[in-house]
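Tertiary structure, described
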Amino acid sequence: MADYTGATAEAKKLLSGSRANLSRPVNLAIILNEQGLSAQYKDGLIDEALLNPMERTIYIRRDDKPMTRKLFSIAHEIGHWMLHSRDKERPRINFSDNPAIDEIVTAEEQEANAFAAELLMPYDEVRNFIVHGYNIEYLMAHFNVSYEFAYYRYNFIISMIY
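We now turn to the structure provided with this report. (Residues numbered from 1 in each chain as written. Predicted model: local features only at pLDDT ≥ 70, side-chain atom pairs only at ≥ 80, totals over all residues. Heavy atoms only, no water.)

Quick look at unusual backbone geometry now. Of the consecutive residues Arg24 and Pro25, the connecting peptide bond is found in the cis state with omega at 0°. Tracing the backbone through its elements, the reader meets Pro25 in the loop between α1 (4–16) and α2 (28–35). In this structure, Arg56 is a non-glycine residue whose phi angle is positive, near 55°. Take Arg56: it is sitting in the loop between β2 (49–52) and β3 (57–61). Here Arg56 falls in the partly exposed class, since its relative accessible area comes to 36%. The backbone phi angle of Asn144 is positive, close to 55°, even though this residue is not glycine. Mapping Asn144 onto the fold places it in the loop between α6 (136–143) and α7 (147–161). (Helix = DSSP H or I, 4+ residues; strand = E, 2+ residues; numbered from the N terminus. Buried < 20%, exposed > 50% of the residue type's maximum accessible area, 1.4 Å probe, protein only.)

Here we come to α6. Buried residues of α6: Ile136, Leu139 and Phe143, and no others. Angularly, the buried residues of α6 cover 60° about the axis, an arc narrow enough to put them on a single face. Elements that come into contact with the buried residues of α6 comprise α4 (103–120), α5 (123–131) and α7. Where α6 starts, the residue carrying a side-chain oxygen 3.3 Å from the main-chain nitrogen of Glu137 turns out to be Asn135. Two residues or fewer after α6 comes Asn144, characterised by a positive phi angle close to 55°. (Arc of directions from axis to C-beta. Contact = heavy atoms within 4.5 Å. Polar contact = N/O pair within 3.5 Å; in protein donor to acceptor, adjacent residues only side chain to side chain.)

Moving on to the environment of Thr57. Mapped onto the elements, Thr57 comes out in strand β3. When the C-alpha atoms of Thr57 and Thr106 are compared, they prove to be 22 Å apart, with 49 residues separating the residues in sequence. Not counting chain neighbours up to four residues away, the residues in contact with Thr57 comprise Ser38, Gln40, Leu50, Leu51 and Asn52. Side-chain polar atoms of Thr57 contact the side chain of Ser38, separated by 3.4 Å.

A separate point is the pattern of salt bridges. Considering all chains together, one arrives at seven salt bridges under this definition. For Arg19, the salt bridge is made with Glu34, and the minimal N-O distance between the two is 3.7 Å. Taken as a pair, Arg19 in the loop between α1 and α2 and Glu34 in helix α2 lie far apart in primary sequence, 15 residues in all. Two residues, Arg61 and Asp63, come together in a salt bridge whose shortest N-O distance is 2.9 Å. Looking at Arg61, the relative accessible area reads 18%, which means it is buried. Judged by its relative accessible area of 28%, Asp63 falls in the partly exposed class. Bridged by salt links that share partners, the residues Arg61, Asp63 and Lys70 form one connected network. (Salt bridge = Lys/Arg side-chain N within 4 Å of Asp/Glu carboxyl O.)

On their own, these measurements won't tell you what the molecule is for.
Structural data, given as structure tokens:
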């Protein structure tokens, strides 16, 4: 079972101790540097992104997907780095393409997604914007995320508020 609370707490802790917390959108390059990680494009990658902890590298598939999606993938892989063992490669798994994934991998993927969501769109900040009447489009622009992600985060936080 995924530990969403622990994953979001780790993202908050990382962000609060990082120079990347000084501005929005969050500058993932700063976090990568602070963690001793690098991110680079890789041709022929099957998954959208892959953390190779032994190389301290996040590989991003070179394709025509939007940059906002790639940034979420990087944040997701940073989540694996912070939350999970560093003994194996960890791809960003697309659940719709892989229906038969074991429980542990599923939990780790959900935790990495929760970590990425908190890292890119911190709950408290988004909540404050929502209660002050800001809409999804504003959140999308302010945090430099996709409409789909801003919509999901907005609705998740609305459900927690009301």
